[in-house]
Amino acid sequence: TLTAFDSLRFVIKGSLAGAAVYMAYDQGLLGSGTQGAEALKKAQEALPPAIQEWTNYIGWEVRTVQMNILPPTPKFDFSPSDSWNKGVQTVMSALSVAPTRACEYTVEGWKYVKELVK
């Protein structure tokens, strides 16, 4: 039986998931590879100032300057479109040789069964 608390948790989780999908769509992450690359570039530009503002807000700025605890923000040199294209090419390559491999394995299987029957 579902209690009111379980129902509320389900609604909250569903709302968060819906909001995440909406934000991804709104930022262009669910579009083409070029839209994803543009969104990544925007994130790379916006993330360091946001992290700096957050650390200033919670008081880490003094510790960071004095003890140098936090490393510098890494620079991403990653192209989603190149990775996506490589994955698509790999899958298509595997699918293109699948009928040939299936025939080869079938022939080998029949030879094995014939040898067992002898």
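Everything quoted here is computed from the prediction, not taken from an experiment.

### Focus on the overall build of the protein
Move 1: On a plain count of helices and strands, the protein comes out with four helices and zero strands.
Move 2: For the protein, the N- to C-terminal ordering of α and β elements is α-α-α-α.
Move 3: Of all 118 residues assigned to the protein, the portion counted as buried reaches 4%.

### Brief notes about helix 2 (residues 33-58)
Move 1: The end-to-end C-alpha distance of helix 2, which contains 26 residues, comes to 36 Å, matching closely the 38 Å that a straight helix rising 1.5 Å per residue would cover.
Move 2: Maximum bend of helix 2: about 30°, positioned at Ala46, with proline Pro48 one to four residues after it.
Move 3: For helix 2, the full list of buried residues reads Gly36, Ala39 and Thr55.

### Quick word on a nonpolar patch on the surface
Move 1: Judged by side-chain polarity, Trp84, Val88, Val91, Met92 and Leu95 come together as a nonpolar surface patch covering roughly 530 Å² of accessible area.
Move 2: Mapped onto the elements of the fold, Trp84 is located in helix 4 (residues 80-117).

### Re helix 1 (residues 4-26)
Move 1: Between its terminal C-alpha atoms helix 1 stretches 32 Å, which fits the 33 Å expected from 23 residues at 1.5 Å a residue.
Move 2: Directly after helix 1, the chain includes Gly28, whose backbone phi takes a positive value near 90°.

### Some details on the confidence of the model for the protein
Move 1: Summary statistics for the protein give a mean pLDDT of 78 and a share of 79% for residues scoring 70 or more.
Move 2: Across residues 62-66, where pLDDT falls below 50, the model places four contacts with residues more than four positions away in sequence or in other chains.

Procedures and definitions
Residues numbered from 1 in each chain as written. Predicted model: local features only at pLDDT ≥ 70, side-chain atom pairs only at ≥ 80, totals over all residues. Heavy atoms only, no water. Helix = DSSP H or I, 4+ residues; strand = E, 2+ residues; numbered from the N terminus. Buried < 20%, exposed > 50% of the residue type's maximum accessible area, 1.4 Å probe, protein only. Expected span 1.5 Å × (residues − 1). Bend = angle between axes of the 7 residues up to and from the residue. Patch = residues over 30% accessible without salt bridge, like charges linked within 9 Å, V, L, I, M, F, W, Y side chains within 5 Å. Areas by Shrake-Rupley, 256 points an atom, 1.4 Å probe, with all protein chains shown as cover. Salt bridge = Lys/Arg side-chain N within 4 Å of Asp/Glu carboxyl O. pLDDT = per-residue confidence, 0-100. Contact = heavy atoms within 4.5 Å.

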